[in-house]
Each structure stands twice: as C-alpha cells, then as structure tokens.
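As a plain string of letters, each chain reads:
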Amino acid sequence: ADTYHRLFERLNPEALERCFLGWVKQIVAGSGAQVIPIDGKTINGSYDRHHQQSALHVVTAWASEHRLLLGQVKVASKSNEITAIPALLKLLDISGCIITLDAMGTQKEIARDIIDYKADYVLCLKANHPILWAQVKAWFEQAEATHFVGLEHSHHQRVESGHHRREHRQVWAVPLCVMGNLHQIEQWAGLTTIVMVKRVRHLWNQVTREVMFYLTSLTWDAALIGRTIRTHWGIENQLHWVLDVTWGEDKSRIRRGHGGENMALLRRLAISVLNQETSKKRSLKQKAKRASMSPDYMLSVLAAALVT
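Remember, it's a predicted structure, so these values are computed and weren't measured experimentally.

**Q** Before we go on, may I ask you to explain empty space enclosed by the protein in this structure?
**A** To locate leftover empty space, one rolls a probe as large as a water molecule over the atoms. All chains considered together, the criterion is met by 1 cavity of 30 Å³ or more. Empty space within the largest cavity amounts to approximately 30 Å³. The wall of the largest cavity is formed by Ile 43, Ser 46, Leu 56, Ser 252, Ile 254, Gly 260 and Arg 267. The class makeup of the residues in the lining of the largest cavity is 3 nonpolar, 3 polar and 1 charged.

Quick look at the structure:
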C-alpha cells in the first residue's frame, strides 16, 4: 500500500489523463449525437487542515449512453467550475454531441465554446441570471394561463413509476423568436429554444413540485429535449452515487501530492471499465470484488473494455 501511495502522489495527473483520453477518444468520435452531462463533485475527505488545503473538487464529463468517463479536470484552488468547464471541453472531441450543464455552467462564454466545437447544449437557467430568469418565468406563466393558445410551441409529457414513487414530467419547448425581446439574448451563441419543465413527484409520504427553465441550441422538439434533460441525471445516478455509496469516495483521506486527483480518476476509470463487462448481471461492487479475487475475470473485464 505504501508503494502505491508514493506512486500516485508523484504521478503527473495530466500524463495519466492523456493516457486515459487516448482510450476513450474513439468512443466519443464514433458515438454520434449522444448526450454528455458535465458536472462537478467535491471529494470531502481530501481536505488537509494542517496544510490549509481545501477539499478536492473535480469536474467530470460522462457518456450516459456508454456509462463511461470521458474526462475530468481539477478545479483550481480559490476558483470554481466556470473556469474548469472550458478546460475540460478542450480535452474532448464533442462534435455532434449534446452537452448538458447545471446552472453553474450556464455562461455565455461556455455556450459559445460548445457551439464553436460544433456541438449542441442544454443549459439550466436559474436565478444566477436574475433578469433573464425572471423574464422567462413571467412569459411562461402568462402563456400557461392562456394554455399557449396562438403560440408556436411543442409539448411532451411522461409518467414514470418506481422505487415507491411516481413522477409526472411535462416539457414545453418554445422557439426563441416567439419569446420576444429578452435581456441580452443575442449574446447566447446558437440559442434557438427556451424550455420549461414541470415535475410533480408523488412519494409515499409527500408530493413535491418543481419548475425548471433551460436554454438550448436544439430545435423546439419537447420530446428530444425532455429525454436529454432526463439523461443529465445519469451522471448523478450512474457515477456520483456509485462513488459515494459503493466506492466510499468521501471517506478517502488520500490528499498528499497528486494522490487525491489521480485516485479520483482511477475510481472513475474502474467504474467505466466494470460497466463495459456485461456477460453476467452483477452489481459493480460484486464485479469489483470478483475481479480482485479472480485473475481470469479481471482479464475478461479488461478485454470487454478494450473491445468497447
């Protein structure tokens, strides 16, 4: 264990990242218009109070279709995801893909970068853009009051049940030209559609309601946009939840040198590799345990990843 500690503390994370990207580059290039959610996660146990080192925060790009890590970038100290996302986009070939981001990544410069890379985007609009958010909210409230009569729009709804809950989602997509004069709207490169999503969740003991707004360069196809927004949560369910619950990432106290950043990449790489092995239906935890005890199964996992 000490040998591994010393190795990963000194290993250049940029070199490790380049090797990893060489493996996944062809998957992104040949996958067509797949959805790539980008989101950040803090590794809570990586702080070092003695050396005044804050917890490591990394921004990750995730291929939802393949359940595969595409890349990650460390957020610099005293910075935030706004500076890390452009650096991550530069690492990837996202041409023809759809990039989804939460409110932190809803920035004009990031939208322009995505369009320059010949990709599309779906950006969550919240109160960090207060004027535009208020205008969009007021417009949809007025349009909904008149049932969108005479307004060009697309509507899609879906009901899903499972895990003792039922969720009713409705999506309204409106072309930008219908919205009228919005605050600095011309500064959003490629923007064509404004979206409202309503979610009503019926849990066993309560009912929750949520209204969200989005900016997107996609055409006003509510069904497509609804699927894309839904897919964005794959990075939470397929990656972040697994890292916290199965891998116990937040409990890791690896923090010296480059150890924390390198181990964060290796955990995500392990999840990606195990996801590619589909010969038998097992949980990731069971696959990892078997691979640690069976060299033959470990080789089959690696072979599946190489074939992908």
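**Q** Quick question: what am I supposed to make of the pattern of salt bridges here?
**A** For side chains bearing opposite charge, pairing can occur when the charged atoms are close. Following the criterion strictly, the structure yields 17 salt bridges and no others. As a salt-bridge pair, Lys 41 and Asp 250 come within 3.4 Å of each other at their nearest N and O atoms. Placement of the pair is Lys 41 in strand 1 (residues 35-43) and Asp 250 in the loop between helix 8 (234-245) and helix 9 (259-276), with a sequence separation of 209 residues. Take Asp 250: its relative accessible area is 26%, and that puts it in the partly exposed class. A salt bridge links Glu 160 to Arg 230; the nearest nitrogen and oxygen atoms lie 3.2 Å apart. Taken together, the residues span a long stretch of sequence, with Glu 160 in strand 6 (residues 154-162) and Arg 230 in helix 7 (residues 222-232) at a distance of 70 residues. A relative accessible area of 33% places Arg 230 in the partly exposed class. Sharing partners across several salt bridges, the network here consists of Arg 158, Glu 160, Glu 167, Arg 169, Arg 199, Arg 201, Glu 210 and Arg 230.

**Q** What should I look at first to understand the pairing of strand 4 (residues 98-101) in this one?
**A** In summary, the side chains of a regular strand alternate between the two faces of the sheet. A two-sided burial pattern is seen for strand 4, the buried positions comprising Ile 98 and Thr 100 on one face and Ile 99 and Leu 101 on the other. Here 4 bridges tie strand 1 to strand 4, and the two strands are oriented parallel to one another. In the sheet register, Ile 36 faces strand 4, and the bridge partner there is Ile 99. Note: strand 4 against strand 5 (residues 120-125), 4 bridges, orientation parallel.

**Q** Whenever I open this one, the side chain of Glu 261 confuses me. Can you help?
**A** Inspection of the secondary structure assignment puts Glu 261 in helix 9. One buried charge, Glu 261, has no salt-bridge partner; the nearest side chain with opposite charge is Lys 74, at 4.4 Å. Apart from residues lying up to four places away in sequence, Glu 261 is in contact with Pro 13, Leu 56, Gln 72 and Lys 74.

**Q** Honestly, the packing of helix 9 against helix 10 (residues 284-293) in this entry has me stumped. Any pointers?
**A** Relative placement of two packed helices is described by the angle separating their axes and the distance separating the axes. One way to put it is that helix 9 packs onto helix 10 with a least axis distance of 10 Å and a crossing angle of 95 degrees. By the angle between their axes, helix 9 is roughly perpendicular relative to helix 10. Counting all contacts with helix 9, which are made through Ile 271, Leu 274 and Asn 275, the residues of helix 10 involved are Leu 284, Lys 287 and Ala 288. Along the lines of polarity and charge, the residues of the contact of helix 9 with helix 10 split into 4 nonpolar, 1 polar and 1 charged.

**Q** Which parts of the structure should I look at to understand the nonpolar core?
**A** Proteins that are soluble and globular tend to have nonpolar side chains buried together. Counting 61 residues, the largest nonpolar core has Ile 38, Val 136, Phe 140 and Trp 188 as its most contacted members. A total of 5 residues in this core trace back to one element, the largest contributor, which is helix 5 (residues 130-145). If near-sequence neighbours (up to four positions away) are discounted, Phe 140 is found in contact with Phe 148, Trp 172, Val 174, Met 179, Ile 194, Val 195, Met 196 and Phe 213. The next biggest cluster of nonpolar side chains, apart from the first, holds 14 residues, and it includes Ile 98, Ala 173, Ile 225 and Ile 229.

**Q** Quick question: what am I supposed to make of helix 10 here?
**A** What sets the pattern is the α-helix's 3.6 residues per turn: residues three or four places apart point alike. Buried within helix 10 are the following residues: Leu 284, Lys 287 and Ala 291. Angular distribution of buried residues about the axis of helix 10 spans 60 degrees; they occupy a single face of the element. Summarising the geometry of helix 10, the exposed residues directed more than 90 degrees from the buried face are Lys 285, Lys 289, Ser 292 and Met 293.

**Q** Before we go on, may I ask you to explain the packing of aromatic side chains in this structure?
**A** To describe a pair of aromatic rings, you give the distance between the ring centres and the angle between the ring planes. Under the definition given, this model contains 6 aromatic pairs. Note on Trp 139 and Phe 140: the rings are 5.2 Å apart at their centroids and 85 degrees apart in plane angle, and the pair reads as edge-to-face. Residue Trp 139 is classed as buried on the basis of its relative accessible area of 16%. When its relative accessible area of 0% is taken as the criterion, Phe 140 is described as buried. Ring centres of Phe 140 and Phe 213 lie 5.8 Å apart, and the angle between their planes is 35 degrees; on these two criteria the pair is classed as tilted. One end of the pair, Phe 140, is in helix 5; the other, Phe 213, is in strand 9 (residues 207-216), and 73 residues separate them in sequence. Pair check on accessibility: Phe 140 and Phe 213 agree, each one buried. Through a chain of ring-to-ring contacts, three or more aromatic side chains come together here, namely Trp 139, Phe 140, Phe 148, Trp 172 and Phe 213.

**Q** Can you help me understand the sheet that holds strand 1 in this one?
**A** Note on sheets: strands pair through backbone hydrogen bonds, and any given pair is parallel or antiparallel. Pairing in this open sheet of 9 strands is mixed, and the strands run 3-2-1-4-5-9-8-7-6 from one edge to the other. Two strands close off the open sheet at either side, each with one partner strand: strand 3 (68-74) and strand 6. Strand-to-strand twist in this sheet, taken as the mean axis angle between neighbours without regard to direction, amounts to 25 degrees. Examined bridge by bridge, strand 7 (residues 165-175) and strand 8 (residues 193-202) share 10 bridges and lie antiparallel to one another. Looking across to strand 8, one finds that Gln 170 is bridged to Lys 198. Here helix 3 (residues 81-91) sits on the sheet in contact with strand 1, strand 2 (56-63), strand 3 and strand 4, set at roughly 130 degrees to strand 3. Across the sheet, helix 7 lies against strand 1, strand 4, strand 5, strand 6, strand 7, strand 8 and strand 9, angled at about 130 degrees from strand 7, the strand it touches most.

Rules behind the numbers
Residues numbered from 1 in each chain as written. Predicted model: local features only at pLDDT ≥ 70, side-chain atom pairs only at ≥ 80, totals over all residues. Heavy atoms only, no water. 1 Å grid on protein atoms, 1.4 Å probe; cavity = no way out; pocket = protein on both sides within 12 Å on 5 of 7 lines; lining within 4 Å. Points joined across faces, edges and corners; volume = space filled by probe spheres on them. Nonpolar A, V, L, I, M, F, W, Y, C, P; charged D, E, K, R; others polar. Salt bridge = Lys/Arg side-chain N within 4 Å of Asp/Glu carboxyl O. Helix = DSSP H or I, 4+ residues; strand = E, 2+ residues; numbered from the N terminus. Buried < 20%, exposed > 50% of the residue type's maximum accessible area, 1.4 Å probe, protein only. Pairing = 2+ DSSP bridges. Lys, Arg positive; Asp, Glu negative; His and termini not counted. Contact = heavy atoms within 4.5 Å. Axes fitted to C-alpha atoms, helices over the stretch in contact; angles between N-to-C directions. Parallel < 35°, antiparallel > 145°, perpendicular 65-115°, else oblique. Core = buried A, V, L, I, M, F, W, Y, C linked by side-chain atoms within 4.5 Å. Arc of directions from axis to C-beta. Phe/Tyr/Trp six-rings, centres within 6.5 Å; stacked < 30°, edge-to-face > 60°.

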